[in-house]
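Now for the letters of each chain:
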Amino acid sequence: MKIINLIIIGLVLGVTTPALAQSSNLTVDLLWSAETYQPPFYRGHSQAVPGSEVKVVAMVSGGSAANLNFTWQKDDKSLPALSGRGRSNLTFQTAPSLARHQIKVTISDQGGRRLTDARVDINLVLPQVIFYASAPLVGPRYQQALASSLRLDQSSLSILAEPFNFSRSALNQLVYNWTVTQDGHKQVVSSPFWGGRLMTFEAAGAFDQTEINLAVKNPAAIRQAAEKKIALHYD
């Protein structure tokens, strides 16, 4: 019998398949969250990406977690060093490339009698970059992301790049490579603001269009990389 539970707590989303307890009222659900970055306004759950840290919590009902044995498995491999009495949390590093991890926990009493178990599948995704306009007095305009093509009816545009789902621990080490292309000529530009995430572009009267490209990467995790492009057209 499969039961699908959708539980959102802060930035946590867990989908678990708990087994029926054997001679016990004990039940367990697995909740997971990834230590990846989302902007403060974002109301969704965190996403696991290659090379990120994920925490799984076994939420027990009908018994005290401190008095139970937790046996954890990751992708059908036992994790004895992370299992034991009262060990209701599991933290692990995801694969360096796109994959799906299956986490399973079996709960037993102190006598070794199996009481119940649960599992959760965690699908890895790739990070992404989203552009937002930013104004000097009001800051980023998070209400709406910038489209891939924009007609500029003002003298300048400040663009803030938000690196969704990169590892939080690596935020200060992310590399931002901006390039600007006008009339076939490419130029590398950089910014000292917001750690390189905020760039201001002036309207170029001699050109009809400016193509802007940003490549973001985490030097410590090769698959944590993303690109974003936008074309500015001038009136």
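Worth saying up front: this structure is predicted, and the values here are computed from it rather than measured. (Residues numbered from 1 in each chain as written. Predicted model: local features only at pLDDT ≥ 70, side-chain atom pairs only at ≥ 80, totals over all residues. Heavy atoms only, no water.)

*Asks:* Help me understand the sheet that holds strand S4 (residues 53-61) in this model?
*Replies:* Sheet strands pair by backbone hydrogen bonding; their relative direction is either parallel or antiparallel. One open sheet holds the three strands; their spatial order is S3-S4-S8, and the pairing between them is antiparallel. Only two strands of the sheet have a single neighbouring strand rather than two, namely strand S3 (27-34) and strand S8 (89-93). Looking at each pair of strands side by side, their axes are set apart by 20° on average, direction ignored. (Pairing = 2+ DSSP bridges. Helix = DSSP H or I, 4+ residues; strand = E, 2+ residues; numbered from the N terminus. Axes fitted to C-alpha atoms, helices over the stretch in contact; angles between N-to-C directions.)

*Asks:* What exactly am I supposed to notice about the sheet that holds strand S17 (residues 198-202) here?
*Replies:* In space, the four strands of this open sheet follow the order S12-S11-S14-S17, with antiparallel pairing throughout. With partners counted over all chains shown, the strands left at the sheet margins are strand S12 (139-140) and S17, one partner each. By the bridge criterion, two bridges tie strand S11 (residues 128-135) to S12 in an arrangement that is antiparallel. Across the sheet, residue Ala135 finds its bridge partner in S12, namely Gly139.

*Asks:* Sorry, what's going on with the confidence of the model for the chain here?
*Replies:* Averaged over all residues, the pLDDT of the chain is 87; the fraction at 70 or higher stands at 87%. Every residue in residues 1-15 is under pLDDT 50, and counting partners more than four places away or in other chains gives 40 contacts. Note on residues 17-23: pLDDT is under 50 here. Beyond four places in sequence and across chains, it has 24 contacts. (pLDDT = per-residue confidence, 0-100. Contact = heavy atoms within 4.5 Å.)

*Asks:* So what exactly am I meant to see when it comes to the side chain of Asn69 here?
*Replies:* Positionally, Asn69 belongs in strand S5 (residues 69-74). There is a polar contact of 3.4 Å between the side chain of Asn69 and the backbone nitrogen of Arg85. A polar contact is formed between the side chain of Asn69 and the backbone oxygen of Asp109, at a distance of 3.3 Å. If we skip the residues at most four places from it in the chain, Asn69 touches Gly84, Arg85, Thr106, Ile107, Ser108, Asp109 and Gln110. (Polar contact = N/O pair within 3.5 Å; in protein donor to acceptor, adjacent residues only side chain to side chain.)

*Asks:* Would you mind showing me how to read the environment of His233 here?
*Replies:* For His233, the position within the fold is in strand S19 (residues 221-234). Residues His233 and Asp153, 80 residues apart in the sequence, show an inter-C-alpha distance of 8.7 Å. Here His233 is in contact with Ser149, Leu150, Arg151, Leu152, Asp208 and Gln209, once residues within four sequence places are set aside.

*Asks:* Honestly, unusual backbone geometry in this entry has me stumped. Any pointers?
*Replies:* Across the chain, the bulk of peptide bonds are trans and the bulk of non-glycine residues have phi less than zero. Residues other than glycine seldom take positive phi values, yet Asp75 does so here, at roughly 55°. Structurally, Asp75 is set in the loop between S5 and strand S6 (77-78). By relative accessible area, Asp75 is classed as partly exposed at 28%. Its identity is not glycine, yet Asp183 carries a phi of approximately 55°, on the positive side. (Buried < 20%, exposed > 50% of the residue type's maximum accessible area, 1.4 Å probe, protein only.)

*Asks:* Would you take a moment to explain the packing of aromatic side chains for this structure?
*Replies:* Geometrically, a pair of aromatic rings is defined through the distance of the ring centres and the angle of the planes. One pass over the full model with this rule turns up six aromatic pairs. Where Phe131 meets Trp178, the ring centres are 5.7 Å apart and the plane angle is 10°; that geometry is what we call stacked. Taken together, the positions of Phe131 in strand S11 and Trp178 in strand S15 (residues 175-182) put the pair 47 residues apart, joining distant regions of the chain. With respect to burial, Phe131 and Trp178 carry one shared label: buried. Both rings, one in Trp178 and one in Phe201, keep their centres 5.9 Å apart while their planes meet at 55°; by these two values the pair is tilted. Residue Trp178 is found in strand S15, and its partner Phe201 is found in strand S17; the two are separated by 23 residues along the sequence. Here Trp178 and Phe201 have matching classes, each one buried. Counting every residue linked through ring pairs, the aromatic cluster contains Phe41, Tyr132 and Tyr142. (Phe/Tyr/Trp six-rings, centres within 6.5 Å; stacked < 30°, edge-to-face > 60°.)

*Asks:* What is the right way to look at the pattern of salt bridges in this model?
*Replies:* Two side chains carrying opposite charge are able to pair once their charged atoms lie near each other. Evaluated as defined, the whole model comprises four salt bridges. For the salt bridge of Lys74 with Asp75, the shortest nitrogen-to-oxygen distance reads 3.8 Å. A salt bridge links Arg197 to Glu162, with the shortest nitrogen-to-oxygen separation between them at 2.9 Å. Of this pair, Arg197 sits in the loop between strand S16 (185-189) and S17 while Glu162 sits in strand S14 (residues 156-164), placing them 35 residues apart in sequence. Among the residues examined, Arg197 registers a relative accessible area of 14% and is labelled buried. Glu162 sits in the buried class, given a relative accessible area of 0%. (Salt bridge = Lys/Arg side-chain N within 4 Å of Asp/Glu carboxyl O.)

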